[in-house]
Amino acid sequence: MIKIQDIRDAARDMLAKGEVRAVIGWQRGSRGMAAEPVVINAPEQADGLVWDPTCYHNLSLYLVNDKKAQAHAKQKPTLPIAIIAKGCDARSCVVLMQENYFRRDDIYIIGVSCEGTGVIDERKLAVALGGVKPTSAAFDGDDYVVTLPDGSEKRLPAREVMADRCLECREPFPKENNIALGEDKTGRALEAPFAALARFEQQSEAERWNYWQRQFDRCIRCFACRSVCPMCFCDECVVDSIEMKVAPTTSAEEKASRVRWIERSNTLADNFGYHMTRAMHLAGRCIDCGECERVCPVNIPLRLLNNKMEREAREQFGYEPGASIGGPSLVSSFRDDDPGTWIR
Amino acid sequence: MDKLIDKARLSDWITALADWEVFAPALEDGVWTFKAAGEAVSLGHTNVKQPPKDFAFPQREIYFSFEQVKGEPPRLTQKLPAEAKRVVFGVRPCDGRAVPRMDRVFNDPQFPDAYYQARRNGLAYVGLACNRPVAPTCFCKSVGGSPVSSEGMDVLLTDLGDRYFVQAVTKTGEALVAAADKLFVKASPADKKALEKTHADAEAQPQRAIADAAGAAKKLKANFDSPLWETLAQGCIGCGICTFLCPTCHCFDINDEVTGTAPMKGNRVRTWDNCQFPDFTMHTSGHNPRETLGSRLRQRVCHKFQYFHENYGMLQCTGCGRCVSECPVGIDIVNVVNKVTENVA
Ligand code: SF4
Ligand code: SF4
Ligand code: SF4
Ligand code: SF4
Ligand code: SF4
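Keep in mind that this is a model prediction, so the values were computed, not measured.

This brings us to the interface of chain A and chain B. Chain A puts 39 residues into the contact, and the matching count from chain B is 45 residues. Interface area, chain A with chain B, both sides summed: about 3,500 Å², of which 51% is carbon and sulfur. The tally of links from chain A across to chain B stands at 6 salt bridges. Of the charged contacts, one joins Arg-264 of chain A and Asp-273 of chain B as a salt bridge, the two residues approaching to 3.5 Å between their closest N and O atoms. Between the two partners, chain A and chain B, sit 22 residue pairs in polar contact (both at pLDDT 80 or more). Of all the secondary-structure elements, those providing two or more residues to the side of chain A that touches chain B are strand 2 (35-40), helix 2 (60-72), helix 8 (205-217), helix 9 (224-227) and helix 12 (291-295) of chain A. Among the elements that take part in the side of chain A that touches chain B, strand 2 of chain A stands out by supplying 4 residues, more than any other. Broken down by class, the residue content of the side of chain A that touches chain B amounts to 16 nonpolar, 10 polar and 13 charged.

Dropping the structure here:
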């Protein structure tokens, strides 16, 4: 099992030696059990880092945000930035580098293995504990131990409260790394990949259609699913038009007819438009960190959509997102044995 | 007019409100939401995920439709919502306290909002006191409220085991009770004692503290330029959760949604806007005075604890805790206010 001291030592060391300009990791939150993302840039801050089953967040998002901030400030950092990355987080770093969002030397990956366990799903936990909110959670080899508000501890079988994406984890060990902590327990996934999707697809088309209508009808278009996704890095997203610059010469006509693919209204049609666009834009890029689904305040099971696209890519093109920095991306690859005859 | 009703008769009360459209919390796909009340209503909810804000201030409101045949003047048709008698059951005290705050904004004597008023007139709230805070993130007491507050409600219910203690707060509330008079019994002095004890116990439950809520406005103002804003917003992803779920956030955006071009037609639509979004204060020039996440966090927190207080003499935050519990990265308004106001004279 990973010792938190090892993570802290690694972070402190590289900051003290001036090898990296900052370390993105997790710290204790102020509102209860869950850890929260933090960026530290002084060695003494390393003692605040934590590693436990509430380190849900895919921190590669903050690499993207850092890059945007640097570009905005017209700065070119000379030192890399370090990130503590689980298996899925490391895969998303790979996709970002494959897409040339940053170069390998720009980042320093401190890999942490989930060792065949994974992160907790707070919704499952709430059901398992009848709504009681634990104050902390820890790994315990195979399972979890949570501390309850009265100070008592409770052991929970990982299988019951683990996030779906971890149950089906393809690669719990961060293969792409500069250093890696913890054992490689690849192959210990508790469910087959795409198991939840396969279960869902047992329903008829009509049932699924009704299901998605009910789900999307509830969407409040907070865009948390987009904002949390490291692959959703576009400067201008279809849903907001922040790049529309208006000069004194811009006519009223031009202003009024700026392209808005999807209206701001949370109507069912616009909600569908938003989610279908996002699903398509993530095909072959989503590495199933499950963050979009976790953050949705109204429990829309977005993972099913992205998994569907991922499985298509795998079955149709043998494509595995996040596997190789140098390899072609899904949309820029071509194979002679492509099953689609129309392409030749 | 203090009364009691058996929990088992709650559904009968709702049925008796034949003149009213009744809404109550329902659990669907793991989310508590206000839905049209069906046969069996039980108020077993913690708090609903989305406050009852939509009833008077829906996320999407059509102002008017427009249509223009080329060469002719445009034709506009106002879409004022019809007034209707609607009652929402199971509103928690924090969300009840949001009602007068929203009223203050949209029923402003100088700038009354006809759309809000049309929806608000005829809208009633039947509240449910919290015998214990429904979540560890609740902090109503720290912002001047109480888990048993009846502010903003027409009726307040308090759970006394197998019965509810029923307090009509307004004339409308009295009418709601009178509509099913025979279902209620008069409260005895013993019942009142039980109520007082329940309320006192509820008040005594520990909650998260804001060190100086009353002085926060002044201290936040003094710390407008604090570097803490950026530090505290470090993890923020700039999503819309904290404000879209807030019972008192009321910023909106107005857009024309074109549905056809020959003839040109469509709707002018108001939708909720969100100070955490990147384009919230985007100027047409491309300049954005609130470009960083820290400046947007400051806007949200200072609106609740400073600007609203300066304008209307009350805090805009009611301590429902939604922005705390639902933030995906743990940005915690209690922590933010405490951190930014600590050590400020
Ligand atoms: S999906 Fe895999 S790598 Fe990611 S948190 Fe879960 S177990 Fe770890
Ligand atoms: S996070 Fe959920 S509610 Fe928000 S936009 Fe995404 S799907 Fe809709
Ligand atoms: S779409 Fe969702 S699961 Fe896929 S990379 Fe983005 S946040 Fe992660
Ligand atoms: S504070 Fe939290 S909920 Fe609000 S915008 Fe930031 S990340 Fe989203
Ligand atoms: S600011 Fe947060 S705690 Fe306060 S009323 Fe709004 S959502 Fe509730």
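The next point concerns the site of ligand 5. Residues in close proximity to ligand 5 include Phe-139, Cys-246, Pro-247, Lys-304, Cys-317, Thr-318, Gly-319, Cys-320, Gly-321, Cys-323 and Ile-333 of chain B, which together make up its full environment. Broken down by class, the residue content of the shell around ligand 5 amounts to 7 nonpolar, 3 polar and 1 charged.

Tracing the sequence through the fold places Asp-273 of chain B in the loop between strand 12 (264-272) and helix 9 (293-312). Take Asp-273 of chain B: its relative accessible area is 10%, and that puts it in the buried class. Engagement of the side chain of Asp-273 of chain B in a polar contact is seen with the side chain of Arg-264 of chain A, the distance being 3.5 Å. When neighbours within four sequence positions are excluded, Asp-273 of chain B is seen to be in contact with Arg-264 of chain A together with Thr-243, Phe-244, Cys-251, Phe-252, Asp-253 and Phe-280 of chain B.

What follows concerns the site of ligand 4. Around ligand 4, the neighbouring residues are Cys-236, Ile-237, Gly-238, Cys-239, Ile-241, Cys-242, Gln-276, Arg-300, Cys-327, Pro-328, Val-329 and Ile-331 of chain B. Classifying every residue of the shell around ligand 4 by side-chain character gives 9 nonpolar, 2 polar and 1 charged.

As a further point, take the sheet that holds strand 8 (residues 179-181) of chain A. Residue and element names in this part refer to chain A. Read from one edge to the other, the open sheet built from 5 strands follows the order 2-1-3-4-8, with strand pairing classed as mixed. The strands lining the two open edges of the sheet, one partner per strand, are strand 2 and strand 8. Here the average twist between neighbouring strands, direction ignored, is 30°. Two elements, strand 4 (residues 107-112) and strand 8, share 3 bridges in a ladder whose sense is parallel. From the neighbouring strand, Gly-111 faces strand 8, where its bridge partner is Ala-180. The sheet strands contacting helix 1 (residues 4-16) are strand 1 (23-28), strand 2, strand 3 (81-85), strand 4 and strand 8, and the helix crosses strand 8 at an angle near 160°.

We now examine the pattern of salt bridges. Pairing is possible between side chains that carry opposite charge, provided their charged atoms lie close to one another. Throughout the structure, instances matching the rule amount to 51 salt bridges over all chains. Arg-28 of chain A serves as the salt-bridge partner of Asp-52 of chain A, at 3.4 Å between the closest nitrogen and oxygen. One end of the pair, Asp-52 of chain A, is in the loop between strand 2 and helix 2; the other, Arg-28 of chain A, is in strand 1, with 24 residues separating them in the sequence. Glu-61 of chain B is paired through a salt bridge with Arg-270 of chain B; the nearest N and O atoms lie 3.9 Å apart. With a gap of 209 residues between them, Glu-61 of chain B in strand 4 (residues 60-68) and Arg-270 of chain B in strand 12 connect regions that are remote in the sequence. For Arg-270 of chain B, a relative accessible area of 0% puts it in the buried group. One continuous salt-bridge network, built from bridges that share partners, spans Glu-168, Arg-170, Asp-288, Arg-303 and Glu-310 of chain A.

Compared with an ideal rise of 1.5 Å per residue, which puts 16 residues at 22 Å, helix 5 (residues 189-204) of chain B spans 22 Å between its outermost C-alpha atoms and is within 8% of the ideal. On its buried face, helix 5 of chain B sits against strand 1 (2-6), strand 8 (155-159), strand 9 (163-168) and strand 10 (185-186) of chain B.

Let's shift gears to the side chain of Arg-31 of chain A. Of note, Arg-31 of chain A is situated in the loop between strand 1 and strand 2. Glu-122 of chain A is the oppositely charged side chain nearest to the buried, salt-bridge-free Arg-31 of chain A, at an N-O distance of 5.1 Å. In terms of polar contacts, Arg-31 of chain A uses its side chain to reach the backbone carbonyl oxygen of Val-324 of chain B, at 2.5 Å. Of note is the side chain of Arg-31 of chain A, whose polar atom sits 2.9 Å from the backbone oxygen of Cys-327 of chain B. For Arg-31 of chain A, the residues in contact, after removing those within four places along its chain, are Thr-137, Arg-208, Val-324, Ser-325, Glu-326, Cys-327, Val-329, Gly-330 and Asp-332 of chain B.

Right, let's talk about the packing of aromatic side chains for a bit. All names here are of chain A. If you walk through the whole model with that rule in mind, you get 25 aromatic pairs over all chains. Pairing Phe-200 with Tyr-211 gives two aromatic rings, centres 5.0 Å apart and planes at 55°, and the pair type is tilted. Placement of the pair is Phe-200 in helix 7 (residues 195-200) and Tyr-211 in helix 8, with a sequence separation of 11 residues. Note on Phe-200: relative accessible area 9%, which makes it buried.

Attention shifts here to the nonpolar core. Judged by nonpolar contacts, the single largest core of 153 residues is most densely connected at Val-23 and Trp-51 of chain A together with Phe-305 and Ile-333 of chain B. Top contributing element to this core by residue count: helix 3 (residues 87-98) of chain A, with 6 residues. Beyond its immediate chain neighbours, meaning those up to four positions away, Trp-51 of chain A contacts Ile-2, Ile-4, Ile-7, Trp-26, Lys-86, Val-112, Ser-113, Cys-114 and Phe-139 of chain A. Membership of the second largest hydrophobic core comes to 24 residues, among which are Leu-17, Leu-43, Leu-128 and Leu-176 of chain B.

What counts as what
Residues numbered from 1 in each chain as written. Chains lettered and ligands numbered in written order. Predicted model: local features only at pLDDT ≥ 70, side-chain atom pairs only at ≥ 80, totals over all residues. Heavy atoms only, no water. Contact = heavy atoms within 4.5 Å. Buried area = accessible area lost by both parts, 1.4 Å probe. Salt bridge = Lys/Arg side-chain N within 4 Å of Asp/Glu carboxyl O. Polar contact = N/O pair within 3.5 Å; in protein donor to acceptor, adjacent residues only side chain to side chain. Helix = DSSP H or I, 4+ residues; strand = E, 2+ residues; numbered from the N terminus. Nonpolar A, V, L, I, M, F, W, Y, C, P; charged D, E, K, R; others polar. Near = heavy atom within 4 Å. Buried < 20%, exposed > 50% of the residue type's maximum accessible area, 1.4 Å probe, protein only. Pairing = 2+ DSSP bridges. Axes fitted to C-alpha atoms, helices over the stretch in contact; angles between N-to-C directions. Expected span 1.5 Å × (residues − 1). Lys, Arg positive; Asp, Glu negative; His and termini not counted. Phe/Tyr/Trp six-rings, centres within 6.5 Å; stacked < 30°, edge-to-face > 60°. Core = buried A, V, L, I, M, F, W, Y, C linked by side-chain atoms within 4.5 Å.

All we've got here are geometric facts, nothing functional implied.
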